[in-house]
Amino acid sequence: MFENSPYLPRWFATMLSLGLFIAIAAPMDAQDTVANGVSNQPIAIWPDLPPGETVKAFGEQLPARNTDIPTITRVEKIRTPTIDLFLPKVSNGTGVVILPGGGFARVVPDMEGSEAAMRLNQLGITAFVLRYRTSEVTPAEEPKYLRPLQDAQRAVRWVRANAVTWRLKTDRIGVLGFSAGGQVACILHTTGDKAAYEAIDQIDTLSFRPDFSLFIYPWNVWDSKTERLLPELQFSKDLPPAFIVHTSDDKSSALGAAMFYAGLKKFDVPAELHIYENGGHGYGTRARPDSNIGTWPDRADDWLVRRKLGSG
């Protein structure tokens, strides 16, 4: 386990310097090998161009900010969504698709991706960090969440299609979403069985619904103008269990997290909610000064182990 410290272990910094988690190269397929449990290259989830796209582009990494200690990677201009794979030493059969944040304009594949993935690996969980499409070409009339939602649905289906390859159980595939990725995960969790794109191959005959979800500071799921949750969020008694984290001082509003929990509770869907007094937004699994927000991964571990999704 990571200690509750804003600094990463030395071995993780070394791996970052080798580019193991931030490669933006041509993708491989599910049968290609991995080194030390980490994919050497992103893995393609679509056989060709995703819905609505006309070009292939694996994204451009923005320059690092001096204020980010440790470094935070930001990738923009993603037109070809891919997965970074993180394998545990021993799989317990559970898989999690991670949806990083980035305000839809970019994706943060380390602080809200690989760091959480390696934490999950320690519980025997196989992790898939999704670099979904960013919003620079999104038409004004199209919701910014739509293409990331399409990619998330395809990613869950892709994981189920490759469950044998990664020694997973198809009824133990979950989603972990941060910030904008958390908004997408909330929609994915409640969207029912209607896909956001037309089926293109055999993979799309599989279910995209997660068997469980973790929402970490989901971004703007509460509409302050209507004082309601986003209309895309539809609750019912057959929704899977959920784990939710937010902070009271987060400007994206903990009301969204609280009301999302209330929506689940109304239908007796198993859920756990943690709202911390402070910690702001965009911390990933890292600690924040003068806040105990860095303890949320421990609570998530407890929840996963208790639900027999993680190895204790």
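For the structure itself, consult the block above.
As the structure is a prediction and not an experimental result, all values here were calculated from the model.

**Student:** Account for the overall build of the chain, naming residues and giving values.
**Tutor:** Helix and strand content of the chain: 6 helices and 14 strands. Taking all 312 residues of the chain together, 56% fall into the buried category. Restricting to contacts in the chain with at least 6 residues of sequence separation, those with at least 24 account for 76%. A total of about 13600 Å² of accessible surface is found on the chain, and carbon and sulfur atoms cover 51% of it.

**Student:** Go over the pairing of strand β8 (residues 126-131) with me, naming the residues and quoting the values.
**Tutor:** Counting buried positions along β8 yields 6 of 6 residues, so the element is predominantly enclosed. Because side chains alternate across β8, one face comprises the buried residues T126, F128 and L130, and the other comprises A127, V129 and R131, equally buried. Here strand β6 (residues 82-86) runs beside β8; their pairing, made up of 5 bridges, is antiparallel. The partner of I83 across the bridge, within β8, is L130. Taken together, the 4 bridges between strand β7 (residues 95-99) and β8 define a ladder with parallel strand orientation. Along β8, the bridge assignment pairs V97 with F128.

**Student:** Quick one: what's the story with the packing of helix α3 (residues 146-161) against helix α4 (residues 179-190), residue by residue and with numbers?
**Tutor:** Contact geometry of α3 with α4 gives a least axis separation of 10 Å together with a crossing angle of 60 degrees. Here α4 runs oblique to α3, going by the angle between their axes. Judged by the sense of rotation from one axis to the other, the crossing of α3 with α4 is right-handed. Where α3 abuts α4, its residues P148, L149, A152, Q153 and V156 lie against V184, I187 and L188. Of the residues belonging to the contact of α3 with α4, the class tally is 7 nonpolar, 1 polar and no charged.

**Student:** Break down the side chain of R160 for me, citing the residues and quoting the values.
**Tutor:** Structurally, the position occupied by R160 is in helix α3. At 2.8 Å, the side chain of R160 forms a polar contact with the backbone oxygen of R209.

**Student:** Before we move on, can you summarise empty space enclosed by the protein with the specific residues and values?
**Tutor:** The method is simple in principle: a probe with the dimensions of a water molecule rolls over the atoms, and the space it marks as empty is what remains. The final tally for this structure, using the stated rule, is 2 cavities of 30 Å³ or more. Together, A116, R119, L120, L176, L214, T285, W296, P297, A300, D301 and L304 line the largest cavity. Of all the secondary structure elements, the ones that give two or more residues to the lining of the largest cavity are α2 (110-121) and α6 (296-306). For the lining of the largest cavity, the element with the highest residue contribution is α6, accounting for 5 residues. Here the residues of the lining of the largest cavity sort into 8 nonpolar, 1 polar and 2 charged.

**Student:** So what about the nonpolar core? Which residues, and what values?
**Tutor:** Buried together is how nonpolar side chains tend to be arranged in soluble globular proteins. V97, L99, F128, L130, W158 and L233 are the most contacted members of the largest nonpolar core, which has 49 residues in total. Discounting chain neighbours no more than four positions away, the residues touching L130 are I45, T82, I83, V97, I98, L99, P100, V107, D151, A152 and A155. V96, I98, V129 and Y283 belong to the second largest nonpolar core, which has 28 residues in total.

**Student:** With reference to specific residues and values, describe the environment of T71.
**Tutor:** On the secondary structure map, T71 appears in the loop between β4 (58-61) and β5 (75-78). If near-sequence neighbours (up to four positions away) are discounted, T71 is found in contact with A64, D110 and R286.

**Student:** Outline the pairing of β7, supporting the account with residue identities and numerical values.
**Tutor:** Burial analysis of β7 places 5 of its 5 residues in the buried class, the great majority of the element. Where burial is concerned, the two faces of β7 agree: the one with G95, V97 and L99 and the one with V96 and I98 are both buried. Since β7 and β8 lie parallel, the crossover through α2 that links them has a hand, and here it is right-handed. Bridging between β7 and strand β9 (residues 173-178) involves 5 bridges; their strand directions are parallel. Across the sheet, the residue bridging to L99 is G177, located in β9.

**Student:** Any details on unusual backbone geometry? Residues and values, ideally.
**Tutor:** Put simply, I69 and P70 share a cis peptide bond, and its omega is -5 degrees. Even without a glycine there, the phi angle at R167 is positive, about 60 degrees. With respect to the helices and strands, R167 occurs in the loop between α3 and β9. Take R167: its relative accessible area is 68%, and that puts it in the exposed class. Phi at N220 takes a positive value of approximately 50 degrees, unusual for a residue other than glycine. Checked against the element boundaries, N220 lands in the loop between β10 (213-216) and β11 (222-223).

What counts, and where the lines are drawn
- Residues numbered from 1 in each chain as written.
- Predicted model: local features only at pLDDT ≥ 70, side-chain atom pairs only at ≥ 80, totals over all residues.
- Heavy atoms only, no water.
- Helix = DSSP H or I, 4+ residues; strand = E, 2+ residues; numbered from the N terminus.
- Buried < 20%, exposed > 50% of the residue type's maximum accessible area, 1.4 Å probe, protein only.
- Contact = heavy atoms within 4.5 Å.
- Areas by Shrake-Rupley, 256 points an atom, 1.4 Å probe, with all protein chains shown as cover.
- Pairing = 2+ DSSP bridges.
- Axes fitted to C-alpha atoms, helices over the stretch in contact; angles between N-to-C directions.
- Parallel < 35°, antiparallel > 145°, perpendicular 65-115°, else oblique.
- Left-handed = near helix turned anticlockwise from the far one by under 90°.
- Nonpolar A, V, L, I, M, F, W, Y, C, P; charged D, E, K, R; others polar.
- Polar contact = N/O pair within 3.5 Å; in protein donor to acceptor, adjacent residues only side chain to side chain.
- 1 Å grid on protein atoms, 1.4 Å probe; cavity = no way out; pocket = protein on both sides within 12 Å on 5 of 7 lines; lining within 4 Å.
- Points joined across faces, edges and corners; volume = space filled by probe spheres on them.
- Core = buried A, V, L, I, M, F, W, Y, C linked by side-chain atoms within 4.5 Å.
- Right-handed = clockwise from strand over helix to strand, strands pointing away.

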